[in-house]
Amino acid sequence: MPNSPAVDTQVAVVGGGPVGTLLARELALLGVDVTVLEKLSSPDGFSKAGTLHARTAQTLHRRGLLEAVQPGPPAPPVGLGRVPFHFSGMFDLDLARVVTEGPVMVGSPQAWAQEVFAAEAERLGARIRRGLELVGLDEEPDAMRLTVRDSRGATRTLRASWVVGADGARSAVRRLSGIAFTGTPARVGALIGEVRLLDPARAPQGWQRNPRGWTLVWLNLFGRSRVCTYDFRGPHADRRAPVTLEEFRTEVERIAGHPVPMDSPSGLTRFSDAALQAEYYRVGRVLLAGDAAHVHFPAGGQGVNLGLQDAVNLGWKLAAEVHGWAPPGLLDTYETERAPIAEAVLENVRAQVALMDPDPRMDALRTLFARMMHFDDVNQYLGGMISGVDVTYDTGGRGDPLAGRFAPDLLLKTGDTLTGLAELLHDARPLLLLLTDSEELRSAAEPWRPRVNVVTATASEPIGTDALLVRPDGYIAWSALGDAGDADALAGALGCWFGDPA
């Protein structure tokens, strides 16, 4: 769809990190004219996060991106034994017991993933403009006017129909829009960076807790090691002050209790355990995603996963709004669906930080909690929460036990071709999957054919229903199972999620 003469781009995404670039890719895939504005002149190559959990991996698989975001060999599938993971630094969870599809976890450095998404977005027609900082945001009757400043200090404006802030915890979009960012303040001062350890054998190995705090060391004998410290005596006096090698080394040695020689620092930075969430994810033509909408202590690598799932939830809904077929209220479901998920993550992270307190009085509680994690129900609850596989949405399917759940990657036979349900979602279009040849259901869906893919196939295994209506983000909007599994209910679900008949 061409731009309106009055705007320079249909959607301006502010922030070129993994969330912003994946969102740009989603929008471009759906034919939206999108421009990404990134403050950095070039990627810094530093990865704050490197773990993609199961639900994010499953989601990327439904776009054909899972292998691309893995710089090394593909992650092993499920069923190959225990996959230990931590809750509050206690590695007693087994995520393999809660994941039934795809890899349990994927090693994907944030810097790598965002470049994969950026290249994909540009291939599909998105524009990525680097070295531009947002300094002004003004609402006009039918668009937003953005003022950006380049590295030389020169400013210029552009107009967009929609603006998405994916510009991190200090989001300029959120600040300029006046959206409150509230929650619990910092009480932990943390440092992270990469250094060359000059005596690796003397460095504290792995995750170490003692009465002075925590040290975390990801040892690399052939280059820089990633090192992190947690100080529970209080937050940093100046969160934005640069971190020197001397400060970093001194803090590591204070907590470790002995000298830890190091040099060649890179990416030294501060962070805290402040847990904050935007009061609104949407105000008019402005939306927030990723750390711009929610920020928390990096416990369990949940933050980047939360943001990437924001992007896939938002992308198709915003594209529908841009193209003019979104039903009333569709775009508002982005906040109603994603904000509670973020709130739950902030809550579990606050609990983890409390359990990480280095005071020896916490030792007995940590021991008890670690033992409890070996109970099936506790492992299921905490593992499902950390991995994201417990995420469901209220898609309005009363009496439909599958509505709102993530659609499994069924092996399907269409004619003489074998495919998977995930592959049928690569184009980010809604999918009506008919597992029996139902003329009644096909006829009900016919008016939506221009925007909904209808596929008749045979499944390799029964799933208890003869039909699924799957949203572009992989969640089930309707199934033929339950009290409302007829053609009229299907037409109602199609209208509810994908607008009036085309």
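Preceding this section is the structure that the text describes.
Keep in mind that this is a model prediction, so the values were computed, not measured. (Residues numbered from 1 in each chain as written. Predicted model: local features only at pLDDT ≥ 70, side-chain atom pairs only at ≥ 80, totals over all residues. Heavy atoms only, no water.)

(A) Spatial organisation of the overall build of the protein. Scanning the protein from terminus to terminus reveals 11 helices and 27 strands. Relative to the compact-globule value of 23 Å for 502 residues, the protein shows a C-alpha radius of gyration of 24 Å, a close match. The C-alpha extent of the protein, read off along each of the three principal axes, is 75 × 60 × 40 Å. For the protein, the residues scored as buried account for 54% of the 502 residues in total. A separation threshold of at least 6 residues defines the contact pool for the protein, and within that pool the share at least 24 residues apart is 70%. Just so you have it, the protein exposes about 21,200 Å², and 52% of that area is on carbon and sulfur atoms. The averaged location of the 61 negative side-chain charges in the protein is 7 Å from the averaged location of its 49 positive side-chain charges. (Helix = DSSP H or I, 4+ residues; strand = E, 2+ residues; numbered from the N terminus. Rg over C-alpha atoms; globule rule 2.2 N^0.38 Å. Buried < 20%, exposed > 50% of the residue type's maximum accessible area, 1.4 Å probe, protein only. Contact = heavy atoms within 4.5 Å. Areas by Shrake-Rupley, 256 points an atom, 1.4 Å probe, with all protein chains shown as cover. Lys, Arg positive; Asp, Glu negative; His and termini not counted. Charge placed at Lys NZ, Arg CZ, Asp CG, Glu CD.)

(B) Representation of the layout of surface pockets. Approximately 350 Å³ is the volume found for the second largest pocket. Along the walls of the second largest pocket sit 17 residues, with Arg-55, Thr-100, Val-389, Phe-406 and Pro-408 positioned nearest its centre. Among the residues forming the lining of the second largest pocket, the class breakdown is 11 nonpolar, three polar and three charged. (1 Å grid on protein atoms, 1.4 Å probe; cavity = no way out; pocket = protein on both sides within 12 Å on 5 of 7 lines; lining within 4 Å. Points joined across faces, edges and corners; volume = space filled by probe spheres on them. Nonpolar A, V, L, I, M, F, W, Y, C, P; charged D, E, K, R; others polar.)

(C) The arrangement of the pattern of salt bridges in detail. Here the structure, examined in full by the defined rule, presents 33 salt bridges. With a closest N to O distance of 2.8 Å, Arg-63 and Glu-26 form a salt bridge. Of this pair, Arg-63 sits in the loop between α2 (54-61) and β4 (84-87) while Glu-26 sits in helix α1 (residues 18-29), and the two are 37 residues apart along the sequence. We note that Arg-63, like Glu-26, is buried. The partner of Arg-233 in a salt bridge is Asp-231, with the nearest N and O atoms 3.0 Å apart. Through salt bridges with shared partners, one network takes in Asp-138, Glu-140, Asp-142, Arg-145 and Arg-159. (Salt bridge = Lys/Arg side-chain N within 4 Å of Asp/Glu carboxyl O.)

(D) Structural context of the sheet that holds strand β17 (residues 275-278). Ordered in space as β11-β17-β20, the three strands form an open sheet in which the pairing is antiparallel. Whereas interior strands pair on both sides, the edge strands pair on one side only; in this sheet they are β11 (181-184) and β20 (294-295). With four bridges connecting them, β11 and β17 associate as antiparallel partners. Note on β17: the bridge partner recorded for Thr-182 is Gln-277. The strands touched by helix α7 (residues 333-355) within the sheet are β11, β17 and β20, with β17 carrying the most contacts at an inclination of about 170°. (Pairing = 2+ DSSP bridges. Axes fitted to C-alpha atoms, helices over the stretch in contact; angles between N-to-C directions.)

(E) The pairing of strand β12 (residues 189-197), seen in detail. Of all nine residues in β12, seven are buried, a share of seventy percent or more. One ladder, built from seven bridges, connects β12 with strand β15 (residues 225-231); its direction is antiparallel. Of the residues in β15, the one forming a bridge with Ile-192 is Cys-228.

(F) Spatial organisation of the packing of aromatic side chains. Tallied over the entire structure, the rule returns 13 aromatic pairs. Seen in terms of ring centroids, Phe-271 and Phe-297 are 5.8 Å apart; in terms of plane orientation they differ by 40°. Their pairing is tilted. Here the residue Phe-271 occupies a position in strand β16 (residues 262-272), and Phe-297 occupies one in the loop between β20 and α6 (302-323), the gap between them amounting to 26 residues. Judged by relative accessible area, Phe-271 falls into the buried class, the value being 12%. Relative to Phe-498, the ring of Trp-316 has its centre 5.9 Å away and its plane inclined at 50°; by these criteria the two rings are tilted. Residue Trp-316 is found in helix α6, and its partner Phe-498 is found in helix α11 (residues 487-498); the two are separated by 182 residues along the sequence. By relative accessible area, which is 0% here, Phe-498 ends up buried. In this structure an aromatic cluster arises from ring pairing among Phe-91, Trp-207, Trp-214, Trp-218, Tyr-230, Phe-271 and Phe-297. (Phe/Tyr/Trp six-rings, centres within 6.5 Å; stacked < 30°, edge-to-face > 60°.)

(G) Structural context of the side chain of Asp-150. Structurally, Asp-150 can be placed in strand β9 (residues 143-150). A polar atom in the side chain of Asp-150 sits 2.9 Å from the backbone nitrogen of Arg-152. Among residues more than four places away in sequence, those in contact with Asp-150 are Gly-131, Leu-132 and Arg-156. (Polar contact = N/O pair within 3.5 Å; in protein donor to acceptor, adjacent residues only side chain to side chain.)

(H) The sheet that holds strand β14 (residues 213-218), seen in detail. Ordered by their spatial adjacency, five strands build an open sheet running β13-β14-β15-β12-β16, and the pairing between neighbours is antiparallel. With one partner strand each, in any of the chains shown, β13 (206-210) and β16 form the two edges of the open sheet. Along the sheet, successive strands turn relative to each other by an average axial angle of 15°, direction set aside. Along the sheet, helix α5 (residues 245-256) contacts β12, β13, β14, β15 and β16; its crossing angle with β16, the most-contacted strand, is approximately 80°.

(I) View of the packing of α1 against α6. Close contact between α1 and α6 brings their axes to 8 Å; oriented N to C, the two are set at 25°. The angle between the axes of α1 and α6 places the two elements in the roughly parallel class. The handedness of the crossing between α1 and α6 is right-handed. Residues Pro-18, Val-19, Leu-22, Leu-23, Glu-26 and Leu-27 of α1 lie in contact with α6, whose contacting residues are Val-304, Gly-307, Leu-308, Ala-311, Val-312, Leu-314, Gly-315, Leu-318 and Ala-319. Per-class residue counts for the contact of α1 with α6 are 12 nonpolar, two polar and one charged. (Parallel < 35°, antiparallel > 145°, perpendicular 65-115°, else oblique. Left-handed = near helix turned anticlockwise from the far one by under 90°.)

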